[in-house]
Amino acid sequence: MTLDAMTRAEAEKLPSFEVSPVHQLGSYYLWTGFTDEDHAFFVRPTVQNELGCLADVYGIRDGVTRFIAREMFIREGEKLRLLEEA
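First things first, this report covers the structure right here in the doc. (Residues numbered from 1 in each chain as written. Predicted model: local features only at pLDDT ≥ 70, side-chain atom pairs only at ≥ 80, totals over all residues. Heavy atoms only, no water.)

Here we look at the pattern of salt bridges
- Under the criterion given, the structure shown has 5 salt bridges.
- The shortest N-O distance in the salt bridge between Arg44 and Asp56 comes to 3.2 Å. With Arg44 in strand β2 (residues 40–48) and Asp56 in strand β3 (residues 52–61), this pair connects stretches of sequence that are 12 residues apart.
- Of the charged contacts in the structure, one is a salt bridge between Asp56 and Arg70, with a shortest N-O distance of 2.6 Å. Placement of Asp56 in strand β3 and of Arg70 in strand β4 (residues 64–76) is noted, with a sequence separation of 14 residues between them.
- By relative accessible area, which is 5% here, Asp56 ends up buried.
- Overlapping salt bridges bring together Arg44, Asp56 and Arg70 as one network. (Salt bridge = Lys/Arg side-chain N within 4 Å of Asp/Glu carboxyl O. Helix = DSSP H or I, 4+ residues; strand = E, 2+ residues; numbered from the N terminus. Buried < 20%, exposed > 50% of the residue type's maximum accessible area, 1.4 Å probe, protein only.)

In structure tokens, the structure reads:
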């Protein structure tokens, strides 16, 4: 599976990003908090530490995968939260 060829069905099979407090850098995770019936969002963590995680965010809509942004997620207990929502 390559990034450009990832389908929504493949993205939905990825492990949930919000559930795990520790992520494998470079692996893909479904961002369930923003995924809806029209869009599937997934992230690829690039850096993480005890404070949080910096991740590349991608979206799939109408079968097209696009890079959206690089976002910072902060740790709140065992979960991660988008910095802008904190």
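Side note on the packing of aromatic side chains
- In the structure shown here, the tally under the stated rule is 9 aromatic pairs.
- Note on Phe17 and Tyr29: the rings are 6.3 Å apart at their centroids and 55° apart in plane angle, and the pair reads as tilted. Taken as a pair, Phe17 in the loop between α1 (8–12) and β1 (29–30) and Tyr29 in strand β1 lie far apart in primary sequence, 12 residues in all.
- With centroids separated by 5.3 Å and ring planes inclined at 80°, the aromatic side chains of Trp31 and Phe73 adopt a geometry described as edge-to-face. Placement of Trp31 in the loop between β1 and β2 and of Phe73 in strand β4 is noted, with a sequence separation of 42 residues between them. Across the pair, exposure class does not vary: Trp31 and Phe73 are buried alike.
- Within the aromatic cluster, the residues linked to one another by ring pairs are Phe17, Tyr29, Trp31, Phe34, Phe41 and Phe73. (Phe/Tyr/Trp six-rings, centres within 6.5 Å; stacked < 30°, edge-to-face > 60°.)

Observations concerning the pairing of β2
- Sheet topology note: the β1/β2 ladder contains 2 bridges and is antiparallel. Considered in β2, the bridge of Tyr29 is made with Val43.
- Sheet analysis places β2 next to β3, joined by 8 bridges and oriented antiparallel. By the bridge assignment for β3, Phe41 is matched with Gly59.
- The hairpin turn running from β2 into β3, its antiparallel successor, is 3 residues long. (Pairing = 2+ DSSP bridges.)

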